[in-house]
Structures are given as C-alpha cells and as structure tokens.
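Spelled out, the chains give:
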Amino acid sequence: MATLITPSFDQTLIARAATGLYNLQIGSATTDWALEWVNGGNGTVEDLVNQLFVRDFGTMSDADVADMVVENVNISEPANVVADAIAYVAGRLGGVALANKGAEVLSILQDFST
C-alpha cells in the first residue's frame, strides 16, 4: 500500500495558511517575505501564523473562523460534509489557546490536504 506524503516545506505551509485564512493565493514577493521572516530567526511558520491569527482573527468566534476556513478551502457540498467540516474545525480550535490557534489552523489545513 502506498503511503501518502504531505509536503511540509515552509513555502507550502505559508501558501496553505494564506489560502485557509485569507482565501488568497500569494505571489513570490509575499512568500519570500514570509520565508525571510522564518529564516531570519524570528520563529517558525507556525509562530508567524499564530501572530497573524491573533492580529487578524483574534476577535472572531471559533465557529466563525471554522466557517471561513471551510469556505476558503472550497468545502461546499454536500451540506452534511460542510457541517461536519465546520464542526471539526471549530472543535479543534476550541481546544487551544488564542495564541496557538494559527498553528492549529495550519495543522487542520495539513490534515485536509491528505
């Protein structure tokens, strides 16, 4: 049986975070900025996403973030799958502190990609 491999290169993680949280496909300039942030000793991709999450989504409820993420990754039908995905994301976010929710979203996006 073949094993699925999920790439976890920093640039892949950055692209997934941009899509999942912002519904954006970022270009090379933004990717390069994020990679420079990480490679410059400021922290990991997860640290960067945590900071961005707190700044941009910290006042949103877990349910609202879950709805947004599910929509941004184009889980749109059938309705029961959408509802299950939203509940899954909200449940995962509910189990972590605000300061770590960005990394949790990134982990969820990794899970969705396999």
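Residues numbered from 1 in each chain as written. Predicted model: local features only at pLDDT ≥ 70, side-chain atom pairs only at ≥ 80, totals over all residues. Heavy atoms only, no water.

1. Structural notes on the overall build of the protein
Regarding its fold elements, the protein presents six helices and zero strands. Across the protein, helices and strands are ordered from the amino to the carboxyl terminus as α-α-α-α-α-α. Compactness check: the protein gives a C-alpha radius of gyration of 14 Å against a globular reference of 13 Å for 114 residues, within 12% of the reference. Buried residues in the protein amount to 32% of all 114 residues. When contacts within the protein are restricted to residue pairs at least 6 apart in sequence, long-range pairs at least 24 apart make up 60% of them. (Helix = DSSP H or I, 4+ residues; strand = E, 2+ residues; numbered from the N terminus. Rg over C-alpha atoms; globule rule 2.2 N^0.38 Å. Buried < 20%, exposed > 50% of the residue type's maximum accessible area, 1.4 Å probe, protein only. Contact = heavy atoms within 4.5 Å.)

2. A word on unusual backbone geometry
Following Glu77, the chain continues into Pro78 via a peptide bond in cis, with omega recorded as -10°. The topology assignment puts Pro78 in the loop between helix 4 (62-72) and helix 5 (79-94). A positive phi angle, near 55°, is found at Asn23, a position not held by glycine. Its place among the elements puts Asn23 in the loop between helix 1 (10-22) and helix 2 (28-42). Even without being glycine, Asn74 reaches a positive phi, approximately 65°. Within the fold, Asn74 resides in the loop between helix 4 and helix 5.

3. Notes on the nonpolar core
Across soluble globular proteins, nonpolar side chains show a tendency to be buried alongside one another. If you look at the biggest cluster of nonpolar residues, it comprises 26 residues, and the most contacted ones within it are Leu21, Val45, Val65, Val69 and Val105. Elements with a contribution of two residues or more to this core: helix 1, helix 2, helix 3 (45-57), helix 4, helix 5 and helix 6 (101-112). (Core = buried A, V, L, I, M, F, W, Y, C linked by side-chain atoms within 4.5 Å.)

4. Topic: the packing of aromatic side chains
What describes a pair of aromatic rings is the distance from one ring centre to the other and the angle between the planes of the rings. What the rule picks out here adds up to three aromatic pairs. Their ring planes at 50° and their centres at 5.2 Å tell us that Tyr22 and Phe57 sit as a pair that is tilted. On the criterion of sequence distance, the pair formed by Tyr22 in helix 1 and Phe57 in helix 3 is long-range, its members being 35 residues apart. Residue classification places Phe57 among the buried residues on the basis of a relative accessible area of 6%. What links up through ring pairs into an aromatic cluster is the set Tyr22, Phe53 and Phe57. (Phe/Tyr/Trp six-rings, centres within 6.5 Å; stacked < 30°, edge-to-face > 60°.)

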